[in-house]
Amino acid sequence: MKKLVFFQALLIAVVMLVSCSSTGSADCDSMLDSYEQYVNKYIALLKKASNGDMTAMAEYAGLMQKAQELSDKMDGAQGDMSASKWARYVKITTKMTTAAQE
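Described below are features of the structure shown in this document.

How each quantity is defined
Residues numbered from 1 in each chain as written. Predicted model: local features only at pLDDT ≥ 70, side-chain atom pairs only at ≥ 80, totals over all residues. Heavy atoms only, no water. Phe/Tyr/Trp six-rings, centres within 6.5 Å; stacked < 30°, edge-to-face > 60°. Helix = DSSP H or I, 4+ residues; strand = E, 2+ residues; numbered from the N terminus. Buried < 20%, exposed > 50% of the residue type's maximum accessible area, 1.4 Å probe, protein only. Salt bridge = Lys/Arg side-chain N within 4 Å of Asp/Glu carboxyl O. Polar contact = N/O pair within 3.5 Å; in protein donor to acceptor, adjacent residues only side chain to side chain. Core = buried A, V, L, I, M, F, W, Y, C linked by side-chain atoms within 4.5 Å. Expected span 1.5 Å × (residues − 1). Arc of directions from axis to C-beta.

So, about the packing of aromatic side chains. By the definition in use, this model includes two aromatic pairs. Between the aromatic rings of Y35 and Y89, the centroid separation amounts to 5.9 Å while the plane-to-plane angle is 25°, which identifies the pairing as stacked. Placement of the pair is Y35 in helix α2 (residues 25-50) and Y89 in helix α4 (residues 83-101), with a sequence separation of 54 residues. Since its relative accessible area comes to 0%, Y35 is described here as buried. Here Y89 falls in the buried class, since its relative accessible area comes to 7%.

Let us look at the pattern of salt bridges. A complete count under the given rule lists four salt bridges for this structure. Notably, a salt bridge pairs R88 with E36, separated by 3.0 Å at the nearest N-O pair. One end of the pair, R88, is in helix α4; the other, E36, is in helix α2, with 52 residues separating them in the sequence. Its relative accessible area of 23% is what places R88 among the partly exposed residues.

It is worth spelling out the side chain of K85 at this point. Counting through the fold element by element, K85 comes out in helix α4. Judged by its relative accessible area of 11%, K85 falls in the buried class. A distance of 3.3 Å separates the side chain of K85 from the side chain of D29, its partner in a polar contact.

Residue position: A56 is located in helix α3 (residues 55-74). Between the alpha carbons of A56 and A44 there is a distance of 9.0 Å; along the sequence they are 12 residues apart.

The subject of this paragraph is the nonpolar core. Listed in full, the 12 residues of the largest apolar core are C28, L32, Y35, V39, Y42, I43, L46, Y89, I92, M96, A99 and A100. Among the secondary structure elements, those contributing two or more residues to this core are α2 and α4. The element best represented in this core is α2, accounting for seven residues. If you look at the next biggest cluster of nonpolar residues, it comprises seven residues, including Y38, Y60, L63 and L70.

In this section: α4. With 19 residues, α4 should reach 27 Å at 1.5 Å per residue; the first-to-last C-alpha distance of 27 Å fits that figure. Taken residue by residue, α4 has K85, Y89, I92, T93, M96, A99 and A100 as its buried positions. Down the axis of α4, the sector holding all buried residues measures 120°, keeping them to one side. The exposed set on the far side of α4, more than 90 degrees from its buried face, consists of A83, S84, K91 and Q101.

Shape descriptors only; they carry no functional weight alone.
Below, the structure is given as C-alpha cells:
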C-alpha cells in the first residue's frame, strides 16, 4: 500500500506542477495549499499504515477522493509559477518523499 499511495501522490505532484505552471498566482497558491494538505494527509496515513493500523485502509478511500478533488481543481488553469512558488512546491514534495522513504 505504501508504494501505491506514494506513486499516486507523486502523480498528483506532477499534474499539480504542470497545472500550476499554467495558472494565475492566486490559483497557484490555492493549488499549492491543497497539495500541501493532501501531502499532510498522505504522511499521516502512511504513518498509521506503517504502525500496523488497519484503519489506514479505510481512510485510503478518503485520500483517493482528495486526489480527485485536486485533479478537478487543476483542470483548465492558466499562468506561470514564480520562483517562490516553485520553492514551496519543492519543499512540499521533499516532505512527501522523505516520509515515504522512512
